[in-house]
Amino acid sequence: MSKSPIWHPFTQHGLEEPIPLVERTEGAILHTNDGRRIIDAISSWWVNTHGHGNPRIMAAIAEQTKKLDQIIFAGWTHQPAEDLAKELRQIMPDTLTRVFFSDSGSTSVEVALKMALGYWHAQDEPRHTIVVMEHSYHGDTIGAMSVGERGVFNQAYRELLFDVVTVPFPHVGQEQATFNALEKACANNAAAFIVEPLVLGAGGMLMYPPHVLAEMHRICTKHGVLFLADEVMTGWGRTGTLLACEQADITPDILCLSKGLTGGAIPLAVTMASEPIYQAHYSTDRACMFFHSSSYTANPIACAAAVANLAIWRDEPVADRIAALADMHEQAMTKLQNVPGISGVRRCGTILACEIGDGRSYMADIAPRLLAYFRERDMLVRPLGNTVYLMPPYCITPDDHAALVTAIADAPAALRII
Ligand SMILES: *Cc1c(COP(=O)(O)O)cnc(C)c1O
């Protein structure tokens, strides 16, 4: 039995894999207590954008701790939340007029689903069906699992998950099948469609182009079906633009943001909603209010971190950093495309992905071998099945990036799969 009482997430303790202890972080690097320098190729599970230990964000947190800790947010407010909501209104799409706070991506999705269903409830229209996309991931709470891909992750809870209508992933050349399925579901009085714009993250970094996103939005709008964009992973520059939705020139009715909202320093999430969604819950009748809260809603310290993140977006050349990383990825693609044993090399913004060997399954035998391979090289790369991807903080150096690409290129031969 291991000495630590900690039960880690998404970890099979029975395999007794090593669990390194990280003491210090800096930029794209994690420093362990045994002196290793680990390149964080996945932004510590997609949360970190500007690099670990960003001085402006950490200073904002330190400053805020001197003034105000958690306070109740039902019927009370504070300046960091007010500032953040106002600034989000300025940089997010105009029609998203309302900001609801919570603490994780999963919760922001639960909130979005409840807002959408509350909207239809208030209209007295019997719309209850949520439409989802095949291979989606929206979080690990019961509602978020219900709208995500069913599989080994949620087998044990299957009976509890609510029914949804699933449209196929729009593989190249098969987009029409997705549109037809969506059209049919929408025409059948669906309440909402929830989707990860442009990139399905946990589903295997599956990418589809902006025109497909635009067409799906058009179909939903035509049938009055609410469009819920889960930008928990894709937001904050990951796909090359602040939001992935921008590239399709669409505005969702409800938008979920978390991960990069605080630059990855501290947990926080928001669900932004359009005015009609808010108005559906606005009344003199207390029974019509939006019945949702987390104890730590709008934690002031987390809000201050997010305000600092927005300041970085406002006055630092973040777009240039993203473009520089995209360039490095683009050059890496040329290299990886010619490596036997590597296929499906693709990129969207700051996300580079490919498959090593074959057999696309999260439980693929190669996954733990790949994980160990990168760990031995002091690289935090966490394959999704045999899908390997790079999604580093925007400040990664060309040298560290090149080392990661070389390790990926060498993997098929090192693991003897070619
Ligand atoms: C990570 C993720 C979530 C869940 O966020 P948590 O903060 O881990 O609860 C939801 N949706 C998408 C698209 C994600 O990538």
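Residues numbered from 1 in each chain as written. Predicted model: local features only at pLDDT ≥ 70, side-chain atom pairs only at ≥ 80, totals over all residues. Heavy atoms only, no water.

A count of helices and strands for the chain gives twelve helices and 16 strands. Here the C-alpha radius of gyration of the chain, 21 Å, is about what a compact globule of 418 residues would show, namely 22 Å. Considered along the principal axes of its C-alpha atoms, the chain spans approximately 65 × 55 × 45 Å. Residue burial in the chain is summarised as follows: out of 418 residues, 51% are buried. (Helix = DSSP H or I, 4+ residues; strand = E, 2+ residues; numbered from the N terminus. Rg over C-alpha atoms; globule rule 2.2 N^0.38 Å. Buried < 20%, exposed > 50% of the residue type's maximum accessible area, 1.4 Å probe, protein only.)

The next subject is the packing of aromatic side chains. For the coordinates displayed, the defined rule picks out ten aromatic pairs. Seen in terms of ring centroids, Trp46 and Tyr389 are 6.1 Å apart; in terms of plane orientation they differ by 75°. Their pairing is edge-to-face. On the criterion of sequence distance, the pair formed by Trp46 in helix 1 (residues 43-46) and Tyr389 in strand 16 (residues 387-390) is long-range, its members being 343 residues apart. Among the residues examined, Tyr389 registers a relative accessible area of 1% and is labelled buried. Summarising the aromatic geometry, the rings of Tyr278 and Tyr282 are spaced 5.9 Å apart at their centres and angled 45° between planes, so their arrangement reads as tilted. Judged by relative accessible area, which is 31%, Tyr278 ranks as partly exposed. With relative accessibility at 55%, the residue Tyr282 sits in the exposed group. Geometry around Tyr278 places Arg98 over its ring, the cationic atom sitting 3.8 Å from the centre. When the ring centre of Trp120 is taken as reference, the NZ or CZ atom of Arg127 above it lies at 4.2 Å. (Phe/Tyr/Trp six-rings, centres within 6.5 Å; stacked < 30°, edge-to-face > 60°. Lys NZ or Arg CZ within 6 Å of the ring centre and 35° of its normal.)

On to the nonpolar core, then. Core analysis: the largest hydrophobic core is formed by 102 residues, its most contacted members being Phe193, Met205 and Met216. At ten residues, helix 9 (residues 300-315) tops the list of elements feeding residues into this core. Other than its neighbours up to four places away in sequence, Phe193 contacts Val131, Val132, Met133, Val167, Leu182, Met216, Cys220, Val225, Leu226, Phe227 and Leu228. Tyr119, Ala144, Ile194 and Leu226 belong to the second-largest nonpolar core, a separate cluster that totals 25 residues. (Core = buried A, V, L, I, M, F, W, Y, C linked by side-chain atoms within 4.5 Å. Contact = heavy atoms within 4.5 Å.)

This next bit is on the site of the ligand. The ligand sits among Trp46, Ser104, Gly105, Ser106, Tyr137, His138, Gly139, Glu196, Asp230, Val232, Met233 and Lys259. At 2.8 Å, a backbone N or O of Gly105 approaches an oxygen atom of the ligand. Contact distances for the ligand include 2.6 Å between a nitrogen atom and a side-chain N or O atom of Asp230. A total of 380 Å² of accessible area belongs to the ligand in isolation, and the protein chains cover 84% of it. A breakdown of the residues in the shell around the ligand according to their chemical character gives four nonpolar, five polar and three charged. (Near = heavy atom within 4 Å. Polar contact = N/O pair within 3.5 Å; in protein donor to acceptor, adjacent residues only side chain to side chain. Areas by Shrake-Rupley, 256 points an atom, 1.4 Å probe, with all protein chains shown as cover. Nonpolar A, V, L, I, M, F, W, Y, C, P; charged D, E, K, R; others polar.)

To continue, consider helix 2 (residues 55-65). Among the residues of helix 2, Ile57, Ala60, Ile61 and Gln64 are the ones counted as buried. Buried positions in helix 2, seen along its axis, are confined to an arc of 100° and lie on one side of it. Those residues of helix 2 hidden inside the fold are in contact with helix 3 (79-91) and helix 9. N-capping of helix 2 is provided by Asn54, with a side-chain oxygen placed 3.0 Å from the backbone N of Arg56. (Arc of directions from axis to C-beta.)

Phi is positive for Phe10, which is not a glycine, with a value near 45°. Along the chain, Phe10 turns up in the segment before strand 1 (22-26). Unusually for a residue other than glycine, Asn189 sits at a positive phi of about 65°. Position of Asn189 among the secondary structure elements: in the loop between helix 6 (175-187) and strand 7 (192-195).

Nothing here speaks to function; it is all geometry.
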